[in-house]
Protein chains: 2
Amino acid sequence: MSTGDVIARDLRGPRATTADRWLLGQLYRRVAPAPCRFVLWDGSWAGTPDEPRATVTLCDRAALLGLAVNADVYFGEAFMRGTLRVTADDLGDALTVLFDGLRDGQAVAAPPHGSRWWRHLQAGPSLRAARSNVHRHYDLGNTFYRQWLDDELVYTCAYYETPEMSLEAAQQAKMELVCRKLQLRPGDRVIEAGCGWGALARYMARHFGVRVRAFNVSAEQIAYAREATARAGLTSQVEFVEADYRTIDEPCDVFVSVGMLEHVGFGHYEALGALMQRVLPRDRGRGLLHFIGRSTAAPLNAWIRRRIFPGAYPPTLSEVCAHVLEPHGFTVTDVENLRPHYARTLADWRRRFERAAPDVARMFDDVFVRAWRLYLAGSEASFRSGSVELFQVTFGTVSAPVPWTRHALCAPMPDRRSEPRPEAAPGAAG
Amino acid sequence: MSTGDVIARDLRGPRATTADRWLLGQLYRRVAPAPCRFVLWDGSWAGTPDEPRATVTLCDRAALLGLAVNADVYFGEAFMRGTLRVTADDLGDALTVLFDGLRDGQAVAAPPHGSRWWRHLQAGPSLRAARSNVHRHYDLGNTFYRQWLDDELVYTCAYYETPEMSLEAAQQAKMELVCRKLQLRPGDRVIEAGCGWGALARYMARHFGVRVRAFNVSAEQIAYAREATARAGLTSQVEFVEADYRTIDEPCDVFVSVGMLEHVGFGHYEALGALMQRVLPRDRGRGLLHFIGRSTAAPLNAWIRRRIFPGAYPPTLSEVCAHVLEPHGFTVTDVENLRPHYARTLADWRRRFERAAPDVARMFDDVFVRAWRLYLAGSEASFRSGSVELFQVTFGTVSAPVPWTRHALCAPMPDRRSEPRPEAAPGAAG
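Since the model is a prediction, treat every value here as computed from it, not as a measurement.

1. A few points about the overall build of chain A
In step 1: Counting its secondary structure elements, chain A contains 15 helices and 11 strands.
In step 2: Every one of the 430 residues in chain A was classed for burial, and the buried ones make up 52%.
In step 3: For chain A, the share of sequence-separated contacts (at least 6 apart) that also reach a separation of at least 24 residues comes to 74%.

If you want it as structure tokens, here you go:
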């Protein structure tokens, strides 16, 4: 059974040639001995002789050749077109089987030096390109995202304090965790770079009494964020600025960015660090970067860059430390790897996405649905197989005090959704 | 009042010249406006007009010139000789005042690239030099270290779960924390590189049921470790190997090193990572590196290298990630910065050291006592002012599972010192 794509027609194409079958065998060798099979249009196959946990069916020769030449791009392209189909109990499981196989078949890691020429291609977008990249992904419409995100529209990794938590509760818990790591105090001035629909900005203001200036280049997200913030009576504490993070120039006590660093581009890391150094006070500045990263430097999957996230690059921890933090007088006080939580978040998103798929297909088309299905399932599989990580890096200026223990981080998360909302404050707090 | 050195004679040297006083003013400018004073042999001074929190007295012109030319080396040399004296409520406080002043007077950090030529001088010792470096520091005699370390002779940063913890309890808590981070399970094979007097090896075996092979090149430490382990009835679980970590070649489940990386040398990081990759299982290997590090790459203080720790180098997090972990298929799962705990540990050590100072002076001499006094107080001040950090980096092979939360790390520490010791096990467990 497939919750991903169903094989809709019998396999009765022209007979595959010896060359086709040889190529197919080569494909399986890349992931062998993974418990999966590759099947051609005429039913011939290569793979495990046992019951497979995933079956990849190539419906025409173009799909086969694409996979042989550049699987990174053409797996996704053929899946989108519907000429590559995956049969499995769950598409996320199936892709995890493939990714685990790829991982275990490779030499563990790239040589340590001299082979990162491609990193310079990740220089990062200009102001204009950044706006266009963001527009392409984040301005697909609030209606679209509302169909499968949580009710606050948080589009970053959640934190499931316990495995049975709902997505909604886990997104609240993530925001609580971030606030605790930042040691927010009433009156703190917080800058948020890349604020999405503003949920974290509102959470910080409502529950920690801080003032927030939140930056985002997506017009549609900012419009939603302002409206939701007015409804919550938090306008006097939260200001949304429709501008690139590079325009930030006002002093603050705290700098936070959740899910933006992936889009900044390697070439802009030094400038981001310098910016944070400029706006944070030297004696007590603190901050947090939450980002998708890697254990070994490598470009993002080419299909994801082409179809989903143009210009994105998941950095390693050493790249962030060496370029953003260490040259600019910051001390790392805490790093947490939330990789399993992002796999779980993506599974929750995909479950909701599948329920909404008929509506999404009406809004866009079937190709769009397949692309997003693959992006969500493929991302889940990437976190499960360890090809990407989710790092939360907490830091402070060198002379800021380092927290004594993590006990405050581990205290049980409050369920603040039941707390009464504050009255709309009269007048502005600045 | 001075708990460090007392000014033993009146200041009645020859009159200082105009040039002497000018130099003195220049010295203070490096730390200004720190609340301290520099005083010359004839009583003339430069510094804060207010009540100073630290007074540095230079008893002769050689001390003044040394400080002017190369304070990194000659502050310590003159302090050792007794021609530089520090008057303050506490020597650690006094040095913190100076270090904070130096820090705040500098441009925050070194330029990010191209200025780390000196790092290549930190290539790291040969096998023979490593043995000699270790001998010089760690073979000063168990009698010496017993006078001021805790009763288990743990010579690394403790973990004060609560501020009122004793040094003994905090060292136990540190070992417990390390074991929890490593997720030890009964029967695990653990390799410990650089095991000191063996306290952690015994703790892991006794309380977590693992088998440990622990490496150390200090003959005197190994002899003590073996004896203490036999007394504890743990010989069947813990084996001490008098050899350099580079000779490790047997497979294990867990690799741990507490306080050794500082002595490995930058030039050996790749080899250490490759070694860990060789001995750890690809699907579930895990490890922990606990080390003195930096936020900004810089050599260790020259006097400490000359007199206390030849060959030592505190790396930045990016250096450890980029050279030890990332090229060898390891994922960072957790980083904790225990800087305030090392400041506290050093204060505890120094309090005990001062009580034992008369005995230590009889074992060695007054110069030795002053050198160690400065080393302990200076290290405390370095952690307090943020010029060094204490990083605990937990990692796993890429396919090893990442812990779901940190809750297990934050559970209260048991006081296991009151637990009954196990009977000496008959026969070997392997």
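2. What about the pairing of strand β4 (residues 84-87) of chain B?
Residues and elements named next belong to chain B.
In step 1: Of the two faces of β4, the one holding L84 and V86 and the one holding R85 and T87 are both buried throughout.
In step 2: By the bridge criterion, 4 bridges tie strand β3 (residues 54-58) to β4 in an arrangement that is antiparallel. Each bridged residue has a counterpart across the sheet, and for L58 the counterpart in β4 is L84.

3. Observations concerning the sheet that holds β4(B)
All names here are of chain B.
In step 1: If you trace the 4 strands from one edge of the open sheet to the other, you get β2-β1-β3-β4, paired in mixed fashion. Strand pairing shows two members of the sheet lacking a second neighbour, β2 (45-47) and β4, which therefore form its edges. The mean inter-strand angle of the sheet, taken between neighbouring strand axes irrespective of direction, is 20°.
In step 2: Its contacts with the sheet put helix α2 (residues 61-81) on β3 and β4, and the angle it makes with β4 is roughly 75°.
In step 3: In the packing of helix α3 (residues 91-105) onto the sheet, contacts are made with β1 (36-39), β3 and β4, and the angle to β3 comes to roughly 85°.

4. Section: helix α14 (residues 366-385) of chain A
Turn by turn, an α-helix covers 3.6 residues, leaving residues three or four places apart pointing in a common direction.
Residue and element names in this part refer to chain A.
In step 1: Taking 1.5 Å per residue, 20 residues should reach 28 Å; α14 reaches 28 Å between its end C-alpha atoms and fits that length.
In step 2: Counting buried positions along α14 yields 17 of 20 residues, so the element is predominantly enclosed.
In step 3: After α14 finishes, the residue G386 shows a positive phi value of roughly 80°.

5. Focus: the relation of the copies chain A and chain B
What relates the two chain copies is a rotation about an axis together with a slide along it.
In step 1: For the pair chain A and chain B, the relating rotation is 180°, the translation along its axis is 0.0 Å, and the fit reaches an RMSD of 0.0 Å. Those values place the two copies in the arrangement expected of a two-fold rotation axis.
In step 2: The share of interface residues of chain A whose copies in chain B are also at the interface is 100%, consistent with both copies meeting through the same surface.

6. Things to note about the interface of chain A and chain B
In step 1: Contacts between chain A and chain B engage 39 residues on the former and 39 residues on the latter.
In step 2: With 8 residues, the single largest contributor to the side of chain A that touches chain B is strand β10 (residues 330-337) of chain A.
In step 3: Looking at side-chain class alone, the side of chain A that touches chain B contains 15 nonpolar, 15 polar and 9 charged residues.

7. Looking at the environment of B:D253
All names here are of chain B.
In step 1: Checked against the element boundaries, D253 lands in the loop between β7 (238-242) and β8 (254-258).
In step 2: Taking the C-alpha atoms as reference, D253 lies 36 Å from I304; in sequence the two are 51 residues apart.
In step 3: The contact partners of D253, leaving out residues within four places of it in the chain, are D188, R189, P281, R284 and G285.

8. Here's the deal with the domain arrangement of chain A
Residue and element names in this part refer to chain A.
In step 1: For chain A, the assigned domains are domain 1 (18-105) and domain 2 (120-406).
In step 2: Relative to domain 2, the C-alpha centre of domain 1 lies at a distance of 33 Å.
In step 3: Counting from both sides, the interface comprises 16 residues of domain 1 and, opposite them, 21 residues of domain 2.
In step 4: Looking at the side of domain 1 that touches domain 2, the elements with two or more residues in it are α2 (61-81) and α3 (91-105).
In step 5: Here the side of domain 1 that touches domain 2 is composed, by residue class, of 7 nonpolar, 4 polar and 5 charged.

Procedures and definitions
- Residues numbered from 1 in each chain as written.
- Chains lettered and ligands numbered in written order.
- Predicted model: local features only at pLDDT ≥ 70, side-chain atom pairs only at ≥ 80, totals over all residues.
- Helix = DSSP H or I, 4+ residues; strand = E, 2+ residues; numbered from the N terminus.
- Buried ≥ 20, exposed ≤ 12 C-beta atoms within 10 Å, placed from the backbone.
- Contact = placed C-beta atoms within 7 Å.
- Pairing = 2+ DSSP bridges.
- Axes fitted to C-alpha atoms, helices over the stretch in contact; angles between N-to-C directions.
- Expected span 1.5 Å × (residues − 1).
- Least-squares fit on C-alpha atoms with pLDDT ≥ 70 in both.
- Nonpolar A, V, L, I, M, F, W, Y, C, P; charged D, E, K, R; others polar.
- Domains from an automatic or database assignment.

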